[in-house]
Number of protein chains: 2
Amino acid sequence: MRDHFEARDWDGAGRVGRLDVPRAGVTVETPALLPVVNPNIQTLEPRRMETEFGAQILITNSYIIKTSDGLREDALDQGLHDLLDFHGAIMTDSGSFQLAEYGDIDVTTEEILQFQYDIGSDVGTPVDIPTPPDASREQAAEELRTTQERLGIAEGVDVGDMLVNAPVQGSTHADLREEAGRHAASTDLDVFPVGAVVPLMNDYRYGDMVDVVAAAKRGLDQDCPVHLFGAGHPMMFALAAAMGCDLFDSAAYALYARDDRYLTVRGTKHLDDLEHLPCPCPVCSEHTPAELRALGERERGDELAAHNLHVSFAEMRRVRQAIRTGSLMELVEARARAHPAMLDGYRAALDHAEQLERTDSASKDTFFYLSGESARRPEVVRHHERLDRLAPEGDVLLTEGDNDDDFDESWTVEPPFGPFPRALRNTYPLTAEVPERLDGAAFDAAADGVAALCAGSDAAFTLAHRDWPERALARVPEDVSLVNLHGREH
Amino acid sequence: MRDHFEARDWDGAGRVGRLDVPRAGVTVETPALLPVVNPNIQTLEPRRMETEFGAQILITNSYIIKTSDGLREDALDQGLHDLLDFHGAIMTDSGSFQLAEYGDIDVTTEEILQFQYDIGSDVGTPVDIPTPPDASREQAAEELRTTQERLGIAEGVDVGDMLVNAPVQGSTHADLREEAGRHAASTDLDVFPVGAVVPLMNDYRYGDMVDVVAAAKRGLDQDCPVHLFGAGHPMMFALAAAMGCDLFDSAAYALYARDDRYLTVRGTKHLDDLEHLPCPCPVCSEHTPAELRALGERERGDELAAHNLHVSFAEMRRVRQAIRTGSLMELVEARARAHPAMLDGYRAALDHAEQLERTDSASKDTFFYLSGESARRPEVVRHHERLDRLAPEGDVLLTEGDNDDDFDESWTVEPPFGPFPRALRNTYPLTAEVPERLDGAAFDAAADGVAALCAGSDAAFTLAHRDWPERALARVPEDVSLVNLHGREH
C-alpha cells in the first residue's frame, strides 16, 4: 500500500487525489501540471509559477544540471529549491530523454539518483530506456528488461525520503506495457511515469496513446500515481485524466511560445493567424494580437508563455472540478471535438469502457447524452451488465409510454440505457438528460439493453417504443413482441 | 441596400461584419456583445467595460430612464453618453420587455423614439409586441400586425442619424417569423432583433430557438444586421452566430453574478459548487472559490460579473476568429457538447444545412470530422449537390484504393463526402481530416454521395470500399457493383 498517494474522488478511471511529497513538505493536488523548467533558460521564473499560477510542483532536468559546470556546483551548494527559487515540490528527470534523443548519456542510475538526492530533488528518476512507438516486440522487450533492472538498482539506492519514479515502458505493445506496469507496481518505488508517448502525441496518434495508457493502467495498482510523461498540451488533459493519469508536465508552454504558438484547449494557433485572442486570460484580456506581434522577441515569448501556462493551469483546474462533480466524461466529450485525432482518442477510450467502469463513481452529476459516443460510456455499459443479472418474471412490458395493467410488470425503457424498473427512474444515471433529436447510437444501445435483459430472464417481453428506427429494432431479440406507440398516443 | 452594415467574411450563415453607428461615430465589429447596463444599478461601470473588456457598444433601457424622475432629467440634460460615461455606441430598448413582463406600458412608439433621440441614443427601438413562444397562430399573427404597424410609425419619426431597430416577432410559427423578417427588411429601418426568444432559452429549447432564427433569416436580407435579443449566455454564441446572428446582449453577466452564478462556455455553475475556478480570466487566476465566497456580497457580485463578462467577451472573440478562418462549425461542434439541449440546437441547425450552405465560403480552414453530426454539415450537403450535376461516362471506378486501368475513369471515394475526381483531392473541403475510427454516419454520407453521383449519370459504377458497414452499403444504388478491398490489400 502506497500511503503517499490517495485518490479521493473517482470519475471513470480519473481521480482527484493527493500526492504527499515528504521531502518538500508539500501535498500536491492531482491531477496536477508540472511546468518544465529548463535550468539554463527560464522563460517564466519559478517563483511566478508558484505565486501567479499556483504551481505546487515543477520538473527540471538533473542531467543538464549535472553536466553544466556552473549549474552543478550551484545546485550542490545552494540546493535546487534556492537555485530555482521555488518552494513547492521539485521533480527531476534523469537524462533518459537525452538518451532517447542523442543515443547515449554518460551517467548510471546510481550516480544520477545520488546526484538528484544531493541537490535536494523531491522526486528523482532512474535512467530508464524510452523505447519509441512501433519498435519491434523484441527491441521493446529487451529494452524493458534493462529498464526493469534499473528500477531494481534504484530500489537499492539510499535516497532518504526522496520519492523515486518507476517509468513504465513497452513501446506500443499493450501486453508489454501491462507487464511493465505490474512490475513497476511491485517495486517499492513511488511515482509511475508512462514513458515514450511524446512521439505518439506529436503524430496526433491519440487513439494509440489511449491504448498505451490503458495497458499500463491495467498493470498498475489504484494507489499508483501515474504521470503521463511529456504530455503538456491542454487539449488532452481531460482525456488523459479520464484514463487515470494524475501528473502532466508541460515544456510546451515555453517551447511553443518561442515559436509564436498559442495554446488553446481546442488546439494550437499561430500568433500570425490570430485576428482576435480567443481567451479570457490576463494576457489576452490586456492585449490584441497586433500588440503582441509588435513586442520584442523576448517579451513576446514571455507573454505567450504566460498565456500558454494560464490556459494549461485553468484546464487542469477544470479537470479537477469535473472529477469532483462527476462530469469528466462531459468535459472529454467537448475536448474530443478539438481535432479528429482527439475524437479518435475518445473513441479509443470508449473501447476501454469496462476498464473505466471498474472505478467509476456510482452517483455523479446528471448524465448528459452529448453525442453518439455517449451511448458507449461506462455508465451505459454498467447498466447493461446489471440488466443481465436482473430476472423479471411473467409478462413484462418495457415501455416508453404508460403502465399497462394487463402485464405482470411494467418497466420504463429509455435510450440510451434501455429498460429499467420504474422505481429506479430517479437514480443515477437514469436521470440522464438526452436531446430531443436522438441519434441511431442511442436507440441501438437501448435495444442492446433490451437484449441484455432478455439474456438473463425467462419472462415474456413486450417492447412498446415510440417509432424506433428499424436498425435498432433489428437488435432486439426475436421473441420480444414489438408495439409502436407512435400514432397511438395523443 | 443597407450601407451601414457590411458582412466581410462568411462561414455558414455566420459572418464577421462591421456595423457603422453614425450617431456614435463608431464602427462595431460583429458578432458583437452588448452588455446590458441597468441605468439604476451599475454592476460594472460602462467605462470599465470599454477600457478593460473592449466593449464597443452597450444597451440600456430608455423606458426605465424615461419613467425615473431623476434619471430622465439627467439623461436629457447631459445626454446618455455622459450619464453612463461610455464613449462607444449605445443602443436603447423601448420598454417592450416591460410590456411583455407586466402587460402594459405607458408610452407610444413616437414618444419613445423621440425620447431616445433626445437623450442621445445611437440605436433606438419602437414598442413592438414580443409574442411568447407557443402562442396560438391567431394571437401571433394579430400581434405581429401591431408590431408591423409600429415599424411603419417608426419609419415616420424623424430621428436624424440614430439607427432604429425593426424587431422580428411571430412566436414559434416559422411562416410568421419568415414573413416578419421579409416585412422588416422591406422597411427603411436598420437593425433586426429576433424578439421574444428568451423564454425558449430559459427552457433550454435551443432546437426551437434555431428554428425561429432560421425562419427569420429566410425573410431578412443578407445586409440586415441581426440581433438575437436577450441571448447572453456564452455557451450559445457560436451556434447562434452560425445561424447568422450578429449582435448579442448580456444582462446575464450581472444578473447571474448577483445569484453567485458563474458562466462558462459549457454551462452555468454555482459558486458554492466550485472547488476550483475552471477559467484563466484575471478574476479566476487571482482568486480561489473560497476567497470569492469570503467576499462581501457587493464585492463578490462585482468579481463574478467581471468573470462572467471576461468569458463572454472571450467567447465572442473566439467566434469572430473562427469565422475569419472558417472553423466556426468546429467551434459549434465543441459547444454542442455543453448540454444535451445544445446538441439538440446543433442538430436543428444541421436540419437547415442547405440554408447555411448558401452563404458558406468556398474555401476555409481544413474540414475536421468531429462527430456523427459532421456528416450533415453544409460542406457535405454542397458536395452531394455538386455530384448530382457531374456526369462521368463509361466504366467508372469509385475507390478507396488505387486507380485501375481497366476502367475509363477512377475516382477517389472517402467518407463522409463520397466520390470525387482525383484532381480535386487537394481542394476544400476534400482535404478533410477524419478520425481513424469512423462512425456509421460518415459511411452513410459517403454512400449517399455515391447515390447522388449515380442519379445524374449513365455510367457503370463500381465501388471499391474498405469494409464499409452493411447499413451504408444498403444505401448504395443497386446497379453499382461492389468490391470490398479489405483483405485484398496488403
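Residues numbered from 1 in each chain as written. Chains lettered and ligands numbered in written order. Predicted model: local features only at pLDDT ≥ 70, side-chain atom pairs only at ≥ 80, totals over all residues. Heavy atoms only, no water.

In this section: the overall build of chain A. Counting its secondary structure elements, chain A contains 21 helices and 18 strands. Computed over its C-alpha atoms, the radius of gyration of chain A comes to 26 Å, within 12% of the 23 Å expected for a compact globule of 490 residues. When its C-alpha atoms are laid out on the principal axes, chain A stretches across 85 × 55 × 40 Å. Relative to its 490 residues, chain A shows a buried fraction of 61%. When contacts within chain A are restricted to residue pairs at least 6 apart in sequence, those whose partners lie at least 24 apart make up 67%. Surface accessibility of chain A: about 18,300 Å² in total, with carbon and sulfur atoms responsible for 43%. Across chain A, 45 positive and 89 negative side-chain charges occur, with their mean positions spaced 3 Å apart. (Helix = DSSP H or I, 4+ residues; strand = E, 2+ residues; numbered from the N terminus. Rg over C-alpha atoms; globule rule 2.2 N^0.38 Å. Buried < 20%, exposed > 50% of the residue type's maximum accessible area, 1.4 Å probe, protein only. Contact = heavy atoms within 4.5 Å. Areas by Shrake-Rupley, 256 points an atom, 1.4 Å probe, with all protein chains shown as cover. Lys, Arg positive; Asp, Glu negative; His and termini not counted. Charge placed at Lys NZ, Arg CZ, Asp CG, Glu CD.)

So, about the packing of helix α6 (residues 109-118) of chain B against helix α7 (residues 137-156) of chain B. All names here are of chain B. Running from amino to carboxyl end, α6 crosses α7 at an angle of 45 degrees, the nearest separation of the two axes being 9 Å. Overall, the two elements α6 and α7 adopt an arrangement that is oblique. In the crossing of α6 with α7, the sense of the turn from one axis to the other is right-handed. Judged by residue contacts, Thr 109, Glu 110 and Leu 113 of α6 engage Arg 150, Ile 153 and Ala 154 from α7. Residues belonging to the contact of α6 with α7 are distributed by class as follows: three nonpolar, one polar and two charged. (Axes fitted to C-alpha atoms, helices over the stretch in contact; angles between N-to-C directions. Parallel < 35°, antiparallel > 145°, perpendicular 65-115°, else oblique. Left-handed = near helix turned anticlockwise from the far one by under 90°. Nonpolar A, V, L, I, M, F, W, Y, C, P; charged D, E, K, R; others polar.)

Proximity of charged atoms lets side chains of opposite charge pair with each other. For the structure shown, the criterion picks out 74 salt bridges over all chains. Taking the shortest distance from any N to any O, the salt bridge between Arg 437 of chain B and Asp 211 of chain A comes out at 3.7 Å. Taken together, the residues span two chains, with Arg 437 of chain B in the loop between β16 (418-421) and α20 (440-455) and Asp 211 of chain A in helix α10 (residues 206-219). Note that Arg 347 of chain A and Asp 439 of chain B form a salt bridge whose closest N and O atoms lie 2.4 Å from each other. Of this pair, Arg 347 of chain A sits in helix α17 (residues 340-351) while Asp 439 of chain B sits in the loop between β16 and α20, each in a different chain. If you follow the salt bridges from partner to partner, you end up with Asp 11, Glu 330, Glu 357, Asp 360, Lys 364, Arg 377, Glu 379 and Arg 382 of chain A in one network. (Salt bridge = Lys/Arg side-chain N within 4 Å of Asp/Glu carboxyl O.)

Throughout the structure, instances matching the rule amount to 10 aromatic pairs over all chains. Ring centres of Tyr 204 of chain A and Tyr 206 of chain A lie 5.8 Å apart, and the angle between their planes is 70 degrees; this geometry places the pair in the edge-to-face category. Aromatic pair Phe 367 of chain B and Phe 417 of chain B: ring centres 5.1 Å apart, planes at 65 degrees, arrangement edge-to-face. One end of the pair, Phe 367 of chain B, is in the loop between α18 (353-357) and α19 (378-389); the other, Phe 417 of chain B, is in the loop between β15 (409-414) and β16, and 50 residues separate them in sequence. Both residues of the pair, Phe 367 of chain B and Phe 417 of chain B, belong to the buried class. Positioned over the ring face of Phe 115 of chain A is Lys 66 of chain A, at 5.9 Å from the centre of the ring. Positioned above the aromatic ring of Phe 367 of chain A, the side-chain terminus of Arg 377 of chain A is 4.0 Å from the ring centre. (Phe/Tyr/Trp six-rings, centres within 6.5 Å; stacked < 30°, edge-to-face > 60°. Lys NZ or Arg CZ within 6 Å of the ring centre and 35° of its normal.)

On to the domain arrangement of chain A, then. All names here are of chain A. Each domain of chain A was delimited in the assignment, giving domain 1 (5-353) and domain 2 (366-484). With both chains or domains summed, domain 1 and domain 2 bury close to 970 Å², and 51% of this area falls on carbon and sulfur atoms. Arg 376 is the salt-bridge partner of Asp 351, the closest N and O atoms lying 2.5 Å from each other. Run the count over domain 1 and domain 2 and you get eight residue pairs in polar contact (both at pLDDT 80 or more). Listing elements by their share of the side of domain 1 that touches domain 2, those giving two or more residues are α16 (328-335) and α17. The biggest single contributor to the side of domain 1 that touches domain 2 is α17, with five residues. (Domains from an automatic or database assignment. Buried area = accessible area lost by both parts, 1.4 Å probe. Polar contact = N/O pair within 3.5 Å; in protein donor to acceptor, adjacent residues only side chain to side chain.)

As a further point, take the UniProt feature "domain: tRNA-guanine(15) transglycosylase-like" (unreviewed entry) in chain A. Sequence positions flagged by UniProt for "domain: tRNA-guanine(15) transglycosylase-like" (unreviewed entry) are, in local numbering, residues 13-340 of chain A. Helix and strand shares over residues 13-340 of chain A are 48% and 16% respectively, and the end C-alpha atoms of the span are 23 Å apart. (UniProt positions renumbered as here; feature names shortened; annotations may be inferred.)

Take the sheet that holds strand β2 (residues 14-21) of chain A next. Within a sheet, each strand pairs with its neighbour through backbone hydrogen bonds, oriented either parallel or antiparallel. Residues and elements named next belong to chain A. Across the sheet, three strands lie side by side as β1-β2-β3; this open sheet has antiparallel pairing. Edge positions in the sheet fall to β1 (5-11) and β3 (26-30), since each of these pairs with one other strand and no more. Going from strand to strand, the sheet's axes swing by 15 degrees on average, the running direction of each strand aside. (Pairing = 2+ DSSP bridges.)

Under the definition given, this model contains zero disulfides over all chains. The closest cysteine sulfur to the non-disulfide-bonded Cys 281 of chain A is located on Cys 284 of chain A, 3.7 Å from its own sulfur. (Disulfide = S-S within 2.5 Å.)

The next point concerns unusual backbone geometry. A cis amide bond links Thr 30 of chain B to the next residue, Pro 31 of chain B, at an omega of -5 degrees. Within the secondary structure, Pro 31 of chain B sits in the loop between β3 (26-30) and β4 (32-37). In this chain, Pro 415 of chain B is followed by Pro 416 of chain B through a cis amide linkage whose omega measures 0 degrees. Mapped onto the elements of the fold, Pro 416 of chain B is located in the loop between β15 and β16. The backbone of Asp 134 of chain A shows a phi angle near 65 degrees, a positive value even though the residue is not glycine.

Turning to the sheet that holds β3 of chain B, a few remarks are in order. Residue and element names in this part refer to chain B. On the basis of which strands lie adjacent, the open sheet formed by three strands has the order β1-β2-β3 and antiparallel pairing. For this open sheet the edge positions go to β1 (5-11) and β3, each flanked by a neighbour on one side alone. Pairs of neighbouring strands in the sheet enclose a mean axial angle of 15 degrees, with direction left out of account. Two elements, β1 and strand β2 (residues 14-21), share six bridges in a ladder whose sense is antiparallel. Across the sheet, the residue bridging to Glu 6 is Arg 18, located in β2.

Right, let's get into the interface of chain A and chain B. Tallying the contact residues gives 54 residues for chain A and 54 residues for chain B. Interface area for chain A against chain B, summed over the two sides, is near 4,500 Å², with a carbon-plus-sulfur share of 51%. Applying the counting criterion to the chain A and chain B interface returns 10 salt bridges. Within the residue set of the side of chain A that touches chain B, elements represented by two or more residues are α10, α13 (282-286), α15 (297-325), α16 and α17 of chain A. Among the elements that make up the side of chain A that touches chain B, the one with the highest residue count is α15 of chain A (nine residues). A per-class count over the side of chain A that touches chain B returns 23 nonpolar, 10 polar and 21 charged.

This paragraph deals with a negative patch on the surface. Taken together, the side chains of Glu 393, Asp 395, Asp 408, Glu 409 and Asp 458 of chain A define an acidic patch exposed on the protein surface. When you line up the elements, Asp 408 of chain A lands in the loop between β14 (395-399) and β15 (409-414). (Patch = residues over 30% accessible without salt bridge, like charges linked within 9 Å, V, L, I, M, F, W, Y side chains within 5 Å.)

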